[in-house]
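Fold and geometry: a report
Listed below are the residues making up each chain.
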Amino acid sequence: MPEQETKSIDIRSFVKAIWRRKWLLVIPVVVATAAGTAVSMTLSPVYEAKSTIVTRMQERLSEPLARIIGRSPIEEQLTRLQERVKSRAFLVELVRTLGLAESPGLVAWAEEARADNPNLTVEDLAEQKAVDGLQRRISVSRSRTDAFYIIVRDTDADRAMLLAQHITNAIVSASNREQLEDIRAVHDFSIEQLVIYKQKLTDAERRLREYQETRVSNGIGENPISETNVHRADILISQASIEKGQAIEELADRRTALQRVAGGDYSILAELQSTELTGTADQLVQYEREVASVLVRTTGQGAELTTLYVGVADLKGELRDEARSLVTQTLPGAGTAVREAFAQYKAAEVEARMIEERHRVLNQYMWNYTRGRASAAGEALEIDRLEQEVESNRALYETFLQQTAAGQITEALEAAQAGGRFEIIEPPIRPSAPVAPDKLMIMVLSLFGGLVVGLAAVLVSEQSDTSLKDIEDIQRILGVPVLATVPSADIFRTIASLEKQARRSGQQSTDGNSALVSHMVRETAVSFEFRRLARKLAQGASCVIPKSIMVTSANRGEGKTSAAACLAITLAKHYGKRTVLVDCDLRKPRIHQIMAVASRPGLADALERGNLLGTDIKPTALPNLFVLPCGTRRKQPTWLLESFPGSRVMTELLASFDHVIFDTAPNLPVPDAMIMGGAVEGVVMVMKAGVTPREVAMRGVQLQMEEKGNVLGVVVNNLERVLPYYYDYRYYGYTTDTCELEEE
């Protein structure tokens, strides 16, 4: 097998991403460094005094005694030391012995704090404050051998040494007495608990045995819903509920249509039924049950689901044919409209039954899944709980049984009496230099922490951004060439501002002299880029720019309308071709605003009447450029647009102009672009680098390629996100002011 090629890390892309989001890196670094520097400068020096003690054992304890203690003897000694040093009783005695609560500063604080704690005296408050301070400054740790360190930290070196001496002496004097008392307490407690846990173990075993004998399984039938597809099933139920309401409305509309065309025969037709119709309807309902099961079990358009849909479509056709035949037999004089209306009414009636059955089946699946999951989970939890209770009680019982063994207790008492005494092998000395804070380390760690946070923020932000930003990635992922990279120019912001002003004022210029035309006839970065686009369109097999070109995008706000207008202006100005710009976005038209022409009459009006009139085509300030705006808005634009590709209007446009540029709605939300894509020679997709998500761009191109496969390429907006700085038109000293051409 050939070796798999390892993808190398592109350092330049990583650096480019950091530079693009540099403030996410700079701000955490600056803030963390400043905070670390400020903290290090304000911290007081801390001194550390340390003493070393070791435990001397006359003989090693046996394994049963080690199990009684629960850990090795050294670990147990460390735990005891830590608990003793941190205990409030030990620290209170230490504070009183050394008179730490009598310091002037502590007394002054206690006098001020007494206002908020009137029930406590000044001495109590000072003592409590001193104990809290000692708990934070004292620690016990273990060395690599069997020795222990008593560590005391304080802002005063002499006080740190004094505290370490007293703590060490107090621990050595009290350790042996407490160790013996603890072992005796364990013995007494074990004897008391042995009887209790023996009874608990017996009761737990009895409850587990009874539950296992009486457990009954609630067998639930096969259900396609599981943990992996329950979310999909919930979505399908919601969709079925919505379609159910729509089907009811459709049935009412078909009933009304039948009443209108049947007249007096409606009462006969409303009750008209046959065995064939009933049998076909029942088969469709049965098919819908199978569809519901397949929809839950599979995702996408699988072979099984496709077969079911084909069967449903065939049965619906048979249902309509049977309905028409039944009307002909019952009412021989009924016209075609009556037969067709009755067939549509019966089809809508069966469709409502099918959706109702699908909704019912999906709800039944969901109810069975919920019931079965709750029952199984409850039984498993109860078994686990009872078994855990038995094991827990058995473990405790066996532990206490071992602890009450006479030989082990005797061994423990003898070991406690003979050994376990602490010895001081290294007394504390006065510290000569502070151990904290390490100011340089604090600043370095702060800088490093800020850098890590900043890089993490950049990485998270970059990883969460699924947009396409690199031309090579765009061409590789989408599978089509990049025809042009359009910079983010001021003219587009100007056009958007003019559109907002026109919407607010309700007045719009209709003289055809738009700002975009004025910009595109000059030598600008945008005009140069669209001239490159036109040249690339002419580099095909025929070396001729396609006569009909559709411009669309996957989503809104990607600049498709501006791109279509700029392409039309380029063909009319620089190629001298009679070009018409057609606004096929009948939902949210903008061509008439960008090109400064009247919005109606236009395309919608021409499609309604079936031909073009002279008033539909609007001239512009550019001699060879014309605009066919959207026209009067319609309620159902998609149905109207479906008649456009093969209509007389399309024929007249192609015959009258050298180039026809179509601007359509985005192809993901609505199917308008796919309808028009099959009627044109080429399709140009528009996307916005750094904004359009990768999945959205891929789906948009895929849908358009599935329609006809005539996608010529992609126009990328937001140039600065995909090309380096030296691509900028202004980088070489060529600006609009120095290259502007005057119009004659």
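Residues numbered from 1 in each chain as written. Predicted model: local features only at pLDDT ≥ 70, side-chain atom pairs only at ≥ 80, totals over all residues. Heavy atoms only, no water.

**Notes on the sheet that holds strand 7 (residues 579–583)**
Adjacent strands of a sheet form backbone hydrogen bonds with each other and so pair up, either parallel or antiparallel. Applicable threshold: A pair of strands is considered paired only if DSSP assigns at least 2 bridges between the two. Numbering goes from the N terminus for both helices and strands, where a helix is a DSSP run of H or I of at least four residues and a strand is a run of E of at least two. The criterion used for residue contact is that any of the two residues' heavy atoms lie within 4.5 Å. Orientation is described by axes fitted as lines to C-alpha atoms, over the contacting stretch for helices, and by angles from 0 to 180 degrees between their N-to-C directions.
The mixed open sheet is built from eight strands, whose spatial order is 5-12-11-6-10-7-9-8. Since the sheet does not close on itself, it has two edges, and those belong to strand 5 (482–485) and strand 8 (618–619), each with one partner. As judged from the six bridges shared by strand 11 (residues 682–688) and strand 12 (residues 711–717), these two strands associate in the parallel manner. Within strand 12, the residue paired with Met685 across the bridge is Val714. Lying over the sheet, helix 19 (residues 525–537) contacts strand 5, strand 6 (548–553), strand 11 and strand 12, oriented at roughly 170 degrees with respect to strand 5.

**Regarding the layout of surface pockets**
Selection rule: Cavity and pocket criteria rest on a 1 Å grid covering protein atoms alone: a 1.4 Å probe that fits but cannot get out defines a cavity, protein on both sides within 12 Å along at least 5 of 7 lines defines an open pocket, and an atom within 4 Å of a point defines a lining residue. Grid points are joined across faces, edges and corners, and a volume is the space filled by probe spheres set on the points. Polar here means any residue outside two lists: the nonpolar Ala, Val, Leu, Ile, Met, Phe, Trp, Tyr, Cys and Pro, and the charged Asp, Glu, Lys and Arg; Gly therefore counts as polar.
By volume, the second largest pocket amounts to about 890 Å³. Surrounding the second largest pocket, 33 residues form its lining, Gly557, Glu558, Gly559, Ser562 and Arg590 being those nearest its centre. The element best represented in the lining of the second largest pocket is helix 17 (residues 490–505), accounting for seven residues. Class assignment for the residues of the lining of the second largest pocket results in 13 nonpolar, eight polar and twelve charged.

**Remarks on the packing of helix 19 against helix 20 (residues 560–574)**
Quick reminder of the rule: For classification purposes, an angle smaller than 35 degrees is called roughly parallel, one larger than 145 roughly antiparallel, one from 65 to 115 roughly perpendicular, and anything else oblique.
Relative orientation of the contacting elements helix 19 and helix 20 amounts to 80 degrees, with a least axis distance of 9 Å. Considered as vectors, helix 19 and helix 20 are oriented roughly perpendicular to each other. The residues of helix 20 that touch helix 19, namely those facing Val526, Phe530, Arg531, Leu533, Ala534 and Leu537, are Ala563, Cys566, Leu567, Thr570, Leu571 and His574.

**Describing empty space enclosed by the protein**
Counted under the stated rule, the structure contains one cavity of 30 Å³ or more. Estimates place the volume of the largest cavity at around 50 Å³. Taken together, Leu478, Ala554, Glu558, Met685, Val686, Met687, Thr692, Ala697, Val701 and Val714 form the lining of the largest cavity. The set of elements that each furnish at least two residues to the lining of the largest cavity consists of strand 11 and helix 26 (694–707). Tallying contributions element by element places strand 11 first for the lining of the largest cavity, with three residues. Among the residues making up the lining of the largest cavity, the classes are represented as eight nonpolar, one polar and one charged.

**Some thoughts on the nonpolar core**
Stated formally: Each nonpolar core is a collection of buried residues, namely Ala, Val, Leu, Ile, Met, Phe, Trp, Tyr and Cys, held together in the definition by side-chain atoms within 4.5 Å. Working definition: with a 1.4 Å probe on protein chains only, accessible area under 20% of the residue-type maximum means buried, over 50% means exposed, and in between means partly exposed.
Of all hydrophobic cores here, the largest spans 41 residues; its most connected members are Leu478, Val580, Val582, Leu603, Phe644, Leu653 and Phe662. Top element by residues in this core is helix 22 (residues 603–609). It accounts for four residues. Discounting chain neighbours no more than four positions away, the residues touching Leu478 are Leu468, Asp473, Met687, Ala697, Met698, Val701 and Val714. Core analysis: the second largest hydrophobic core is formed by 40 residues, Ala564, Ala565, Leu622 and Val715 among them.

**As for helix 15 (residues 439–464)**
Condition: Working rule for helices: expected span equals 1.5 Å times residues minus one.
Over its 26 residues, helix 15 runs 37 Å from end to end, which matches the ideal 38 Å to within 8%, given 1.5 Å per residue. Taken together, the buried positions of helix 15 are occupied by Ser446, Gly450, Gly454, Val458 and Glu462.

**Description of the packing of aromatic side chains**
Threshold: Aromatic rings from Phe, Tyr and Trp, taking only the six-membered ring of Trp, are treated as a pair when their centres fall within 6.5 Å; an angle between ring planes under 30 degrees marks them as stacked, one over 60 as edge-to-face, and anything in between as tilted. Only when the NZ of Lys or the CZ of Arg is both within 6 Å of the ring centre and within 35 degrees of the ring normal is a charge said to sit over the ring.
Under the counting rule described, the total for this entry stands at two aromatic pairs. When the ring of Phe644 is compared with that of Phe662, the centres are 5.8 Å apart and the planes differ by 70 degrees; the resulting orientation is edge-to-face. Taken together, the positions of Phe644 in the loop between helix 23 (637–642) and helix 24 (648–656) and Phe662 in strand 10 (residues 659–663) put the pair 18 residues apart, joining distant regions of the chain. A relative accessible area of 0% means that Phe662 is categorised as buried. Here the guanidinium or amino end of Lys50 rests over the ring plane of Tyr149, the centre of that ring lying 4.6 Å away. When the ring centre of Trp109 is taken as reference, the NZ or CZ atom of Lys129 above it lies at 4.9 Å.

**Describing the packing of helix 2 (residues 22–42) against helix 15**
Just so we agree on the cut-off: Take the far helix as the reference: if the near one is turned anticlockwise from it by less than a right angle, the crossing is left-handed, and if turned clockwise, right-handed.
The geometry of helix 2 relative to helix 15 is characterised by a closest axis approach of 7 Å and an angle of 160 degrees between their N-to-C directions. Put simply, helix 2 runs roughly antiparallel to helix 15. Note that helix 2 runs across helix 15; the crossing there is right-handed. In the contact of helix 2 with helix 15, the residues fall into 14 nonpolar, eight polar and one charged.

**A short note on the side chain of Ser553**
The cut-off we apply is this: We define a polar contact as two N or O atoms separated by no more than 3.5 Å, with the added condition that, inside protein, one atom must be a possible hydrogen donor and the other a possible acceptor, whereas residues neighbouring each other in sequence contribute only through side-chain atom pairs.
Within the secondary structure, Ser553 sits in strand 6. Engagement of the side chain of Ser553 in a polar contact is seen with the backbone oxygen of Asn555, the distance being 2.8 Å. Leaving out residues up to four positions away in the same chain, Ser553 has contacts with Glu558, Lys560, Pro666, Asn667, Met685 and Val686.

**Here's the deal with the environment of Trp109**
Mapped onto the elements, Trp109 comes out in helix 6 (residues 104–113). Trp109 sits 17 residues away from Ala126 along the chain, and the two C-alpha atoms are 7.6 Å apart. Those residues in contact with Trp109 that sit more than four places away from it in its chain are Leu125 and Lys129.

**Observations concerning the side chain of Lys346**
You can see Lys346 is positioned in helix 13 (residues 336–403). Dropping the residues within four chain positions of it, Lys346 is found in contact with Leu272, Gln273, Leu319 and Ala323.

**Some details on the pattern of salt bridges**
What counts is decided by this rule: Note on definitions: salt bridges are taken to be side-chain nitrogens of Lys or Arg within 4 Å of carboxyl oxygens of Asp or Glu.
Scanning the model with the defined rule gives 25 salt bridges in all. Taking the shortest distance from any N to any O, the salt bridge between Glu127 and Arg96 comes out at 2.8 Å. On the criterion of sequence distance, the pair formed by Glu127 in helix 7 (residues 122–137) and Arg96 in helix 5 (residues 88–98) is long-range, its members being 31 residues apart. Given a relative accessible area of 58%, Arg96 falls into the exposed group. Its salt-bridge partner being Arg137, residue Asp154 comes within 2.9 Å of it at the nearest N-O pair. Here Asp154 is found in strand 3 (residues 147–154), whereas its partner Arg137 is found in helix 7, with 17 residues between them in sequence. Overall, Asp154 belongs to the buried group, its relative accessible area being 2%. Shared partners join several salt bridges into a network, and the residues in it are Arg137, Asp154 and Arg159.

**Structural notes on the environment of Thr33**
You can see Thr33 is positioned in helix 2. For Thr33 and Met443, which are 410 residues apart along the polypeptide, the C-alpha to C-alpha distance reads 6.1 Å. Here Thr33 is in contact with Ser446 and Leu447, once residues within four sequence places are set aside.

**Remarks on unusual backbone geometry**
Glycine aside, a negative phi is what most residues show, and trans is what most peptide bonds show. Cis rather than trans, the peptide bond between Arg600 and Pro601 has omega equal to 5 degrees. One non-glycine residue with positive phi stands out, namely Ala596, at about 60 degrees. Summarising the element assignment, Ala596 is placed in the loop between helix 21 (591–594) and helix 22.

**Quick word on the confidence of the model for the protein chain**
Keep in mind that low pLDDT regions are not for reading the predicted coordinates in detail. In plain terms, the rule: pLDDT: the predictor's confidence for each residue, scored from 0 to 100.
Of the residues in the protein chain, 83% have a pLDDT of 70 or more, and the chain-wide mean is 79. Scored below 50 in pLDDT, residues 1–9 shows zero contacts in the model against residues more than four places distant or in partner chains.

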